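# Observations on the model geometry
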Amino acid sequence: MSMPESKSEPPLDPLPQDWQRALAVVAHPDDLEYGCAAAIAAWTDAGREVTYVLATRGEAGIDTLEPDECGPLREQEQRASAAVVGVDAVEFLDHKDGVVEYGTALRRDIAAAIRRHRPELVVTLNYRDTWGGLYWNTPDHVAVGRATLDAVADAGNRWIFPELTEQGLESWGGVRWVAVAGSDRPTHAVDATPGLERSIRSLLEHRTYIEVLTDEDPETYCRTFLTQNVQAAADRFDGKPAVPFEVFSR
Ligand SMILES: [Zn+2]
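Attention in this report is confined to the structure presented alongside it. (Residues numbered from 1 in each chain as written. Predicted model: local features only at pLDDT ≥ 70, side-chain atom pairs only at ≥ 80, totals over all residues. Heavy atoms only, no water.)

## Observations concerning the coordination of the zinc ion
In this structure, His-28 (ND1), Asp-31 (OD) and His-141 (NE2) serve as the protein donors to the zinc ion, at separations of 2.0 to 2.1 Å. One chain supplies every donor for the zinc ion, spaced along it as H-x2-D-x109-H. Of the two residues, Asp-31 sits in helix H1 (residues 31–35) while His-141 sits in helix H5 (residues 139–156), which places them 110 residues apart along the sequence. The exposure class assigned to Asp-31 is buried, which follows from its relative accessible area of 5%. (Donors = N, O, S within 2.8 Å, 3.2 Å for Na, K, Ca; no water. Helix = DSSP H or I, 4+ residues; strand = E, 2+ residues; numbered from the N terminus. Buried < 20%, exposed > 50% of the residue type's maximum accessible area, 1.4 Å probe, protein only.)

Listed below in structure tokens is the structure:
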């Protein structure tokens, strides 16, 4: 089944700008770099604070590397790639790569991060079963995306996870939007032009992973992939290359 022509789809609205803090919650190192780093670069340029929370260290992601060796390496690459787009705070929740379970433990960890950082915008990655009906999604992405959407409500309710309150993490109901990158049903977008070059360098920081993934020159691979991605949304965003998001308002 093919996707409908994007030309026939309604225009994407600009993502709301009246916020100061964003928390991006994803499963693996590289999820944000494949998904939306150009938008993140634009946000930090504008003086907004963005924090990354990763459920795992991506330790099962490279066939030729033992997880014990791979985890710390990918953590290091993730920190470097975050720095390229102006993000200094990167946290890891230490769930197990490849077998992340949707459930209250994951929701609690994400709710705790939301209460710690008190964001107005939460960003996550495609939580649906497939990528646009074409490719099967991974269970980690599905679990983390869904748990993130759910944890936004958990973070705002002091009677859910009262143990977090006991740890000094007061409830936070100030999340106004959850923006899902990589969704096949986008509603909003961010102009990718100012952040595109940095998003390419940001993805390139995952060098070990990319060198195993492709025989292509890593820079050519990253540039081609990300440029095509943002061009694909231009038809629905006034001809501008864009990072699309499916936005849930609260
Ligand atoms: Zn991933």
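## Concerning the packing of helix H7 (residues 196–204) against helix H9 (residues 218–232)
The N-to-C vectors of H7 and H9 enclose an angle of 135 degrees; their axes lie 9 Å apart at closest approach. In terms of axis orientation, H7 runs oblique to H9. With respect to the hand of their crossing, H7 and H9 are arranged in right-handed fashion. For the pair formed by H7 and H9, the contact residues are Leu-196, Glu-197, Ser-199, Ile-200, Leu-203 and Leu-204 on the first element and Pro-218, Glu-219, Cys-222, Arg-223, Leu-226, Thr-227 and Val-230 on the second. (Axes fitted to C-alpha atoms, helices over the stretch in contact; angles between N-to-C directions. Parallel < 35°, antiparallel > 145°, perpendicular 65-115°, else oblique. Left-handed = near helix turned anticlockwise from the far one by under 90°. Contact = heavy atoms within 4.5 Å.)

## Details of the nonpolar core
Within the largest apolar cluster, 46 residues are counted, with the highest numbers of intra-cluster contacts made by Ile-40, Trp-43, Tyr-52, Leu-121 and Phe-245. Sort the elements by how many residues they give to this core and helix H2 (residues 37–45) lands first, with 6 residues. The residues touching Phe-245, leaving out its near neighbours within four places in the chain, are Leu-15, Cys-36, Ala-39, Trp-43, Val-123, Ala-179, Val-180, Ala-181, Pro-186, Thr-187, His-188 and Val-190. Counting 26 residues, the second-largest nonpolar core is a separate cluster that includes Leu-23, Val-53, Ala-112 and Val-175. (Core = buried A, V, L, I, M, F, W, Y, C linked by side-chain atoms within 4.5 Å.)

Purely geometric numbers; function is a separate question.
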